[in-house]
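# An overview of the molecular structure
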Amino acid sequence: MPTRREPTARQLRLAVELRRLREAAGLTARRAAAMLGVSNVQISQIESGLSGVSEQRLRRLASHYACADEEFVHALVEMATDRTRGWWEEYRGLLPTSFLDLSELNHHATFRRDVAVLYVPGLLQTEDYARAVFSGRVPELTSEELDLRVRHRMASQQITVPYELVVHEAALRIRVGDRAASRAQLAKLLECSTADNVTVRVIPFDLDGFARAASTMTYVGGAVSKLDTVVRDVPHGSAFIDSEAQLGAFRTRFRKVEAASLDPERSRDLINRLSKEL
């Protein structure tokens, strides 16, 4: 297969999982290459995401690594053979790759959970709200860069899987834009919360347990739980977290945050009241 110059986050995840399987089996890259009948360089490229791997070779590797989890192997095969060229590809070279990687991650998600403290998550933002968020970036974006980010964000808002949002009251009260934009944003939250696959919960200021929601996170479900991913904002983009230990910790964190929030009906009542106050 041809060598890639810049593998996507999904391609890198496949590479990481194959390396983890080899290391769990106690095999060196040299031994794995000999078993597969390829060079050390090819194994290195596969495990760095610079080269793809066929279904046949992937299944042979899984067999050599004594991986008995058929569901997991099948999910890896799906990742290896996927040829999806999604809508986000039109932005390649125009936006930071983290934007595209998150779009690709969402496209293949089986569910998504967000914890938000200061901003309404991008998945539910109005156009005016998104524009106000991006306008606050330092250094400032050019008008063209700003338009690209807003257009990409609006295109990414197809919610086709179960989505759970826990949002702090602070994020609902902070006026990212003007009063009208804030009111419209709350109206969109209320509208989205009525969808069958969307659950919105609010942590009010007067509810105990806020420390559990002290930081934001996006938890995206994979085809199997081993392939879940947590996305955290970092100063220069997004960090993708995928180790089993960390995923387990973030699952627990989300459930604790959820337990410290209002139920969906009371959350809608609070959002509606905040909207009327504007």
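These numbers come from a predicted model, not from an experiment. (Residues numbered from 1 in each chain as written. Predicted model: local features only at pLDDT ≥ 70, side-chain atom pairs only at ≥ 80, totals over all residues. Heavy atoms only, no water.)

### Regarding unusual backbone geometry
Each neighbour pair has its own omega, and for Val 138 with Pro 139 the value is -5 degrees, a cis peptide bond. One can find Pro 139 in the loop between α7 (127–135) and α8 (143–155). Although it is not a glycine, Ala 66 sits at a positive phi angle of roughly 60 degrees. Mapped onto the elements of the fold, Ala 66 is located in the loop between α4 (55–64) and α5 (70–81). (Helix = DSSP H or I, 4+ residues; strand = E, 2+ residues; numbered from the N terminus.)

### Examining the sheet that holds strand β1 (residues 112–116)
Across the sheet, which stays open at both edges, the 6 strands sit in the order β3-β2-β1-β4-β5-β6 with mixed pairing between neighbours. Each edge of the open sheet carries a strand with a single partner, namely β3 (198–203) and β6 (237–241). The sheet shows a mean angle of 15 degrees between the axes of neighbouring strands, direction not considered. The sheet contact formed by strand β2 (residues 163–168) and β3 spans 6 bridges and is parallel. (Pairing = 2+ DSSP bridges. Axes fitted to C-alpha atoms, helices over the stretch in contact; angles between N-to-C directions.)

### Considerations on the environment of Arg 13
Inspection of the secondary structure assignment puts Arg 13 in helix α1 (residues 9–24). Remark: the alpha-carbon pair of Arg 13 and Ser 267, spanning 254 residues in sequence, is separated by 36 Å. When residues no more than four places from it in sequence are discounted, the contact partners of Arg 13 are Arg 20, Met 79, Lys 226, Leu 227, Asp 228, Thr 229, Asp 242 and Leu 247. Polar contacts involving the side chain of Arg 13 include one to the side chain of Thr 229, which spans 2.9 Å. (Contact = heavy atoms within 4.5 Å. Polar contact = N/O pair within 3.5 Å; in protein donor to acceptor, adjacent residues only side chain to side chain.)

### Comments concerning the nonpolar core
Proteins that are soluble and globular tend to have nonpolar side chains buried together. Within the largest apolar cluster, 25 residues are counted, with the highest numbers of intra-cluster contacts made by Leu 14, Leu 18, Val 53, Leu 58, Phe 72, Leu 76 and Leu 227. Those elements that provide at least two residues to this core are α1, α2 (29–36), α3 (40–47), α4 and α5. In terms of residue count, α5 provides more of this core than any other element does, 7 residues in total. For Leu 76, the residues in contact, after removing those within four places along its chain, are Leu 14, Glu 17, Leu 18, Leu 21, Leu 58 and Leu 227. Ranked by size, the runner-up nonpolar core spans 21 residues in total, among them Val 120, Leu 172, Leu 186 and Val 200. (Core = buried A, V, L, I, M, F, W, Y, C linked by side-chain atoms within 4.5 Å. Buried < 20%, exposed > 50% of the residue type's maximum accessible area, 1.4 Å probe, protein only.)

### Section: a nonpolar patch on the surface
A cluster of nonpolar side chains, contributed by Leu 118, Tyr 119 and Ile 174, occupies part of the molecular surface with about 280 Å² of accessible area. Among the structural elements, Leu 118 can be located in the loop between β1 and α7. (Patch = residues over 30% accessible without salt bridge, like charges linked within 9 Å, V, L, I, M, F, W, Y side chains within 5 Å. Areas by Shrake-Rupley, 256 points an atom, 1.4 Å probe, with all protein chains shown as cover. Salt bridge = Lys/Arg side-chain N within 4 Å of Asp/Glu carboxyl O.)

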